[in-house]
Amino acid sequence: LSLRDGIKDNVRKIIQVLISDLNNQDRLRNSGVIPHLLTLLVDENRDAELKGLALDAITMMCINNSSSQAAVTDGDDPTGLDLVIKLIIDPEVSPFVQTRAVRTLGGLCWNNKMVQNLILEKDNIVPFLVSLIDTYDDALKRIALTTVAAAVDDNAPSQRVVQKCGGDHKLVNNLKREQEPDLMVAAASAALCALVKGNVPAQETCAKAVPSLVFLLERSVKQKSGSFVQEHLASALLELSRNNKSASAMLHRLHAVHTLVTVLQAPESSGTLLYSAVAIVWELSKNDKKRIDLVQNKDLAASLQELSSSPDPLTRDAANKLLQRLAP
């Protein structure tokens, strides 16, 4: 990478090595590749394609890898984190590079509370990310939603910042646009799920998204859109329904149990999706057990009975507990 000739091809080779096996992250990091990649972000004369490639490589190096994340965010000023943020907020940067920089920021803070907190200290970068949710550039908007999810997941201070700049309302409005592509729906659902997790004020505000989430989940099951989108929709519904009587009442009015039974019966439903569906019914039963009758709802009873012997321990335990709770 220190050689000028063929540098793009060399970055592409790094990306291919990571695509073939993410276990190569540590070997590449230990070889000292990250500082070289970061230098490609500094030079103002470098073309957009090279910067985009360097950002893609950095992102892949940092996926669920705290050591690589630290290698980018630690060090002297400007740190790699500073360089990435500059590419996000600089109005002269091309949309191509900005989109990849936003994705890299998401990779840096994913499952990393220290980096989440570092981002909070930077100049209004979280509100800027929230503002990108309204962009007309679909690629940038989807990546911004994913990065907001990474920035606020299990982080109360970040959640409060997103709410303060109206991020909760933006997410609800995005989910109300029910004709969005599946990937956009999944990204918006993931961001909403991360925002409301353990966050009662956001649960109340975002409960307005429940009708859209139920509609989108039901449509996705009918169209067999795949578990990826459905998992995010169900996870958002689950976090909204936790100890939330207003959301539970809305789910009852929408006959959401019928939709959840459809999910439980679908042969293509993943283990994660099945667990979320059972867990939502559990939350509904906590708030009003009498409204879920296994005698009348034979399809639910049959689905839970089948899942009570599921090979997945989480789903199996959840189904058994729910069967005991709803027993006549």
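Scroll up for the structure.
Keep in mind that what you see is a predicted model, and the values were worked out from it rather than measured. (Residues numbered from 1 in each chain as written. Predicted model: local features only at pLDDT ≥ 70, side-chain atom pairs only at ≥ 80, totals over all residues. Heavy atoms only, no water.)

A. Layout of the overall build of the protein. Across its full length, the protein carries 21 helices and zero strands. For 328 residues, the compact-globule formula gives about 20 Å, and the C-alpha radius of gyration of the protein, at 22 Å, lands near that figure. The C-alpha extent of the protein, read off along each of the three principal axes, is 75 × 40 × 35 Å. The buried share among the 328 residues of the protein stands at 52%. For the protein, the exposed surface amounts to about 15,400 Å²; the carbon and sulfur share of it is 51%. (Helix = DSSP H or I, 4+ residues; strand = E, 2+ residues; numbered from the N terminus. Rg over C-alpha atoms; globule rule 2.2 N^0.38 Å. Buried < 20%, exposed > 50% of the residue type's maximum accessible area, 1.4 Å probe, protein only. Areas by Shrake-Rupley, 256 points an atom, 1.4 Å probe, with all protein chains shown as cover.)

B. Spatial organisation of the pattern of salt bridges. Going through the model one piece at a time under the given rule, you end up with 16 salt bridges. Taking the shortest distance from any N to any O, the salt bridge between Asp134 and Lys170 comes out at 2.3 Å. With Asp134 in the loop between helix H9 (125-131) and helix H10 (138-152) and Lys170 in helix H12 (residues 167-176), this pair connects stretches of sequence that are 36 residues apart. With relative accessibility at 38%, the residue Asp134 sits in the partly exposed group. Across the pair Lys197 and Asp153 runs a salt bridge, and its minimum N-O distance is 2.9 Å. Taken as a pair, Lys197 in the loop between helix H13 (182-196) and helix H14 (200-206) and Asp153 in the loop between H10 and helix H11 (156-164) lie far apart in primary sequence, 44 residues in all. A relative accessible area of 21% places Asp153 in the partly exposed class. When salt bridges with common partners are traced through the structure, they connect Lys8, Asp9, Arg12, Asp47 and Glu49 into a single cluster. (Salt bridge = Lys/Arg side-chain N within 4 Å of Asp/Glu carboxyl O.)

C. Fine view of the side chain of Asp168. Mapping Asp168 onto the fold places it in helix H12. No salt bridge is formed by the buried Asp168; the nearest opposite charge belongs to Lys208, separated by 8.4 Å. Each residue touching Asp168, except ones within four places of it in the same chain, is listed here: Val162, Gln163, Leu195, Thr205 and Cys206. (Lys, Arg positive; Asp, Glu negative; His and termini not counted. Contact = heavy atoms within 4.5 Å.)

D. A look at the environment of Leu83. Structurally, Leu83 is set in helix H6 (residues 80-89). Judged by relative accessible area, which is 13%, Leu83 ranks as buried. Spatially, the C-alpha atoms of Leu83 and Thr73 are 9.7 Å apart, while their sequence positions differ by 10 residues. Residues in contact with Leu83, not counting those within four places in the same chain, are Leu38, Leu41, Val42 and Pro78.

E. Geometry of the packing of H13 against helix H16 (residues 227-241). Put simply, H13 and H16 touch, their axes get as near as 8 Å, and they point 25° apart. In terms of their interaxial angle, H13 and H16 are classed as roughly parallel. Considering only the axes of H13 and H16, their crossing is left-handed. Seen from H13, the contacting residues are Asp182, Leu183, Val185, Ala186, Ser189, Ala190, Leu192, Cys193 and Val196; seen from H16, they are Phe228, Val229, His232, Leu233, Ser235, Ala236, Glu239 and Leu240. The residue makeup of the contact of H13 with H16, split by class, is 12 nonpolar, three polar and two charged. (Axes fitted to C-alpha atoms, helices over the stretch in contact; angles between N-to-C directions. Parallel < 35°, antiparallel > 145°, perpendicular 65-115°, else oblique. Left-handed = near helix turned anticlockwise from the far one by under 90°. Nonpolar A, V, L, I, M, F, W, Y, C, P; charged D, E, K, R; others polar.)

F. Looking closely at the environment of Leu251. Relative to the assigned elements, Leu251 resides in helix H17 (residues 245-253). Here Leu251 falls in the buried class, since its relative accessible area comes to 2%. A sequence separation of 226 residues divides Leu251 from Gln25, and the C-alpha atoms of the two residues are 43 Å apart. Leaving out residues up to four positions away in the same chain, Leu251 has contacts with Val210, Val214, Leu237, Ser241, Ala256, Ile280 and Leu284.

G. Representation of the environment of Leu18. Tracing the backbone through its elements, the reader meets Leu18 in helix H1 (residues 7-20). Accessibility expressed as a relative area gives 0% for Leu18, which makes it buried. For the pair Leu18 and Met61, spaced 43 residues apart in the sequence, the C-alpha separation amounts to 7.4 Å. Excluding anything up to four places from it in sequence, Leu18 contacts Asn24, Gln25, Leu28, Ala57, Met60 and Met61.

H. Expanded view of the nonpolar core. Leu41, Leu105, Leu192, Leu213 and Leu300 are the most contacted members of the largest nonpolar core, which totals 112 residues. Ranked by residues supplied to this core, first place goes to H13 with 12 residues. Dropping the residues within four chain positions of it, Leu105 is found in contact with Leu81, Val84, Ile85, Ile88, Ile119, Ile125, Leu129 and Thr147. (Core = buried A, V, L, I, M, F, W, Y, C linked by side-chain atoms within 4.5 Å.)

I. Seen up close, the packing of aromatic side chains. This structure, assessed with the given rule, holds zero aromatic pairs. Over the ring of Trp282 we find Arg325; its NZ or CZ atom is 4.8 Å from the centre of that ring. (Phe/Tyr/Trp six-rings, centres within 6.5 Å; stacked < 30°, edge-to-face > 60°. Lys NZ or Arg CZ within 6 Å of the ring centre and 35° of its normal.)

J. Geometry of the state of the cysteines. What the rule picks out here adds up to zero disulfides. We note that Cys109 lacks a disulfide partner, and the nearest cysteine sulfur, in Cys62, lies 11 Å from it. Residue class for Cys109 comes out buried when judged on its relative accessible area of 0%. No disulfide involves Cys206; its nearest neighbouring cysteine sulfur is the one of Cys193, lying 11 Å away. For Cys206, a relative accessible area of 0% translates into the label buried. (Disulfide = S-S within 2.5 Å.)

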